[in-house]
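# Fold and geometry: a report
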There are 2 protein chains.
Amino acid sequence: MSPLIDEFVRRSLGTWESKRSGHNLAFRHVEEVESKIVISPLPLDAPGLAELLTSHGIAIVAITSPFHMAWEGSSDWDEDATSKGECTLVPVPKDDHSGLLLRSSGYTEQIPAVGTYRFSNDGCFTLITPYEGSSAEERIWFATDDVRMRVSMMRTQSGRGVLQASFSSEIRRGC
Amino acid sequence: MSPLIDEFVRRSLGTWESKRSGHNLAFRHVEEVESKIVISPLPLDAPGLAELLTSHGIAIVAITSPFHMAWEGSSDWDEDATSKGECTLVPVPKDDHSGLLLRSSGYTEQIPAVGTYRFSNDGCFTLITPYEGSSAEERIWFATDDVRMRVSMMRTQSGRGVLQASFSSEIRRGC
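Under an unreviewed UniProt entry, the name given to chain A is Chromophore lyase CpcS/CpeS, and the source organism is Aphanocapsa feldmannii 277cV. Chain A has a UniProt comment under Function (unreviewed entry) that states "Covalently attaches a chromophore to Cys residue(s) of phycobiliproteins." Looking at the Sequence similarities (unreviewed entry) heading of the UniProt record, one finds this comment for chain A: "Belongs to the CpcS/CpeS biliprotein lyase family."

Pasting the structure below:
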């Protein structure tokens, strides 16, 4: 049983309208991105899930609440460009409030990634994902059942510098 | 002794360059504000401090690490307008990780305010300040010693709705 992550995934399911402000900390410019994010539950026999688990050496009994995320967004930096993507995410709880999160493709580098998640005692979900040359840190919490807040940071590999940070306010638009 | 709030104030001292993205959740527009924030320690005999404590019925032995904050900013919504302000802030610890924060003037309504702060077990400082008709919730944490993150939300009085949210990335520019 891993109620915190199960509850977190359950509350995240649905269609979200996201507004993201990306802050480049070195150059201090800001990019605005609007996107639609759809988060849906994934059945245990979903195509590709068994392969993802096998590639990480994880047994299916060790996972909980796998889900699928798809997004499509547009940026104020290039009005013609639309970024879209999708990935499968699989929590592997270590204990009630922490564990691993397998991801079929990463945000910043389009390769599979494994992050470590942890819930703080005020309900904030923090995910740290190492990439080659950097690491991503995400904090997500619910302001209300229908408003989700997300702060992401890219750190240098040493962890001592922060390259960029972004804030997303996400509003539920459907179930 | 109240090491968490003392440490938090100590790390906050200095001059910060702040970039804030304000998200209006109803209309989904974004406002960018750049400001300079100067946070400095306040001596116990600072002018006005005794009066502020008296007006709240707080004894000087109950407080710790009082500080002063001054800011000056410009918004992309009105390039001619400069907003500036200053206030005195006084932590009144209840226990090691929570307490009250007295403020000589509030952010959103220019009247004195009393907020409640709490540190989560991942070091995030959360401050909730009730105002007439709404309440403000701020989360502040340090990404590094020189990068501070701040998310603010205005809630409706019932606490069930969120009117606006903002994200500030703050970079230290001096001691």
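Text resumes after the structure shown.
### Some details on the relation of the copies chain A and chain B
In the superposition of chain A on chain B (RMSD 0.0 Å, axial shift 0.0 Å), the rotation amounts to 180 degrees. The two molecules are tied by a two-fold rotation axis, judged by turn and shift. By residue overlap, the copies meet face to face through one surface: 100% of the interface positions of chain A are interface positions in chain B.

### Quick word on the nonpolar core
One finds Trp 141 and Met 149 of chain A together with Trp 141 and Met 149 of chain B to be the most contacted residues of the largest nonpolar core, which totals 24 residues. Secondary structure elements with two or more residues in this core: strand S8 (134–144), strand S9 (147–156) and strand S10 (162–174) of chain A together with strand S8 (134–144), strand S9 (147–156) and strand S10 (162–174) of chain B. In contact with Met 149 of chain A, not counting residues within four places along its chain, are Arg 139, Ile 140, Trp 141, Ala 143, Phe 167, Ser 168 and Ser 169 of chain A together with Met 153, Val 162 and Ala 165 of chain B.

### Focus on the interface of chain A and chain B
Between chain A and chain B, the contact holds 32 residues from the first and 32 residues from the second. Buried surface at the junction of chain A and chain B, both sides included, amounts to about 2800 Å², of which 59% is carbon and sulfur. Linking chain A with chain B are two salt bridges. A salt bridge links Arg 139 of chain B to Asp 122 of chain A; the nearest nitrogen and oxygen atoms lie 3.5 Å apart. Where chain A packs against chain B, one counts eight residue pairs in polar contact (both at pLDDT 80 or more). Only strand S1 (14–24), strand S2 (30–41), S8, S9 and S10 of chain A provide two or more residues apiece to the side of chain A that touches chain B. Residue composition of the side of chain A that touches chain B, grouped by class: 13 nonpolar, 10 polar and nine charged.

### Brief notes about unusual backbone geometry
Residues and elements named next belong to chain A. At Ser 65, a position not held by glycine, the phi torsion is positive, near 45 degrees. Within the secondary structure, Ser 65 is located in the loop between helix H2 (49–56) and strand S3 (67–75). On the basis of relative accessible area, Ser 65 is assigned to the partly exposed category, the value being 23%.

### Side note on the side chain of Ser 120 of chain B
Here Ser 120 of chain B is to be found in the loop between strand S6 (113–119) and strand S7 (125–131). Within the structure, the side chain of Ser 120 of chain B is placed 2.3 Å from the side chain of Asp 122 of chain B, a separation counted as a polar contact. Ser 120 of chain B has contacts with Ser 120, Asn 121 and Asp 122 of chain A, leaving out every residue within four places of it along the chain.

What counts and how
- Residues numbered from 1 in each chain as written.
- Chains lettered and ligands numbered in written order.
- Predicted model: local features only at pLDDT ≥ 70, side-chain atom pairs only at ≥ 80, totals over all residues.
- Heavy atoms only, no water.
- UniProt positions renumbered as here; feature names shortened; annotations may be inferred.
- Least-squares fit on C-alpha atoms with pLDDT ≥ 70 in both.
- Contact = heavy atoms within 4.5 Å.
- Core = buried A, V, L, I, M, F, W, Y, C linked by side-chain atoms within 4.5 Å.
- Buried < 20%, exposed > 50% of the residue type's maximum accessible area, 1.4 Å probe, protein only.
- Helix = DSSP H or I, 4+ residues; strand = E, 2+ residues; numbered from the N terminus.
- Buried area = accessible area lost by both parts, 1.4 Å probe.
- Salt bridge = Lys/Arg side-chain N within 4 Å of Asp/Glu carboxyl O.
- Polar contact = N/O pair within 3.5 Å; in protein donor to acceptor, adjacent residues only side chain to side chain.
- Nonpolar A, V, L, I, M, F, W, Y, C, P; charged D, E, K, R; others polar.

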